[in-house]
Amino acid sequence: MNNYLVYSSPLGDLRLVASEQGLAGVYFPEHKHLQWQNTWQHKPHDAVLLRAQTQLQEYFAGLRTEFDLPLDLSQGTVFQQEVWRALSSIPYAQTCSYAALAKKIGRPKAVRALGAANGRNPLSIIVPCHRVIAANGDLQGYAGGLSNKQYLLDLERVR
């Protein structure tokens, strides 16, 4: 059974989801791959959710560059989990191309698969998939929308 709360962020209402293992989701209002479950319970006092909300508030205020939360990545495949862990290694305010990230995980020919796994990341912002861009510097796909991706990249560059 997962718990959730809605956090009113500068990018709109984010749905934060936690399982018994940790934070399992951060979803934008129009998230492309929302893994909504009818069995989720609205629990605004869940400790992991409150901690995530506080850390997101600090991030948006420019006071936090890394997140320190227990994460539950179990809803992904082994490959997706590998990609999501690699995303967490992209430093704050920096970007990485899909090809460079594929090379980093030892799968240089898996650029398309990596892009698909990146798009299925359930932990937007926390696992920074917004930091992955095209090799030519263009923004490409973001489950929360390209305008939100640009906002996050700009927020990090300003700090």
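Bear in mind that the values here come from a model prediction, so they are computed numbers and not experimental data.

A. How the structure looks around the environment of Leu 101. Looking at the element boundaries, Leu 101 is found in helix H3 (residues 98-104). Expressed as a C-alpha distance, the spacing of Leu 101 and Tyr 59, which sit 42 residues apart in the sequence, is 24 Å. Ignoring sequence-local partners within four residues, the contact set of Leu 101 consists of Ala 86, Leu 87, Ile 90, Cys 96, Leu 114 and Val 132.

B. View of the state of the cysteines. Applying the stated rule across the entire model yields 0 disulfides. Its sulfur unpaired, Cys 96 is 13 Å from the next cysteine sulfur, which belongs to Cys 129. On the accessibility criterion, Cys 96 (16% relative accessible area) is buried. According to the relative accessible area criterion, Cys 129 is buried, its value standing at 4%.

C. Quick look at the packing of aromatic side chains. Counted by the stated rule, this structure contains 6 aromatic pairs. For the pair Phe 28 and Tyr 142, a centre-to-centre distance of 5.7 Å together with 70 degrees between the ring planes defines the contact as edge-to-face. Remark: Tyr 142 occurs in the loop between strand S6 (132-133) and helix H5 (146-158) and Phe 28 occurs in the loop between strand S3 (23-27) and strand S4 (41-42); sequence separation between them is 114 residues. Overall, the relative accessible area of 3% leaves Phe 28 in the buried class. Exposure remark for Tyr 142: the relative accessible area of 5% places this residue in the buried category. For the pair Phe 60 and Tyr 151, a centre-to-centre distance of 6.5 Å together with 50 degrees between the ring planes defines the contact as tilted.

About the criteria used
Residues numbered from 1 in each chain as written. Predicted model: local features only at pLDDT ≥ 70, side-chain atom pairs only at ≥ 80, totals over all residues. Heavy atoms only, no water. Helix = DSSP H or I, 4+ residues; strand = E, 2+ residues; numbered from the N terminus. Contact = heavy atoms within 4.5 Å. Disulfide = S-S within 2.5 Å. Buried < 20%, exposed > 50% of the residue type's maximum accessible area, 1.4 Å probe, protein only. Phe/Tyr/Trp six-rings, centres within 6.5 Å; stacked < 30°, edge-to-face > 60°.

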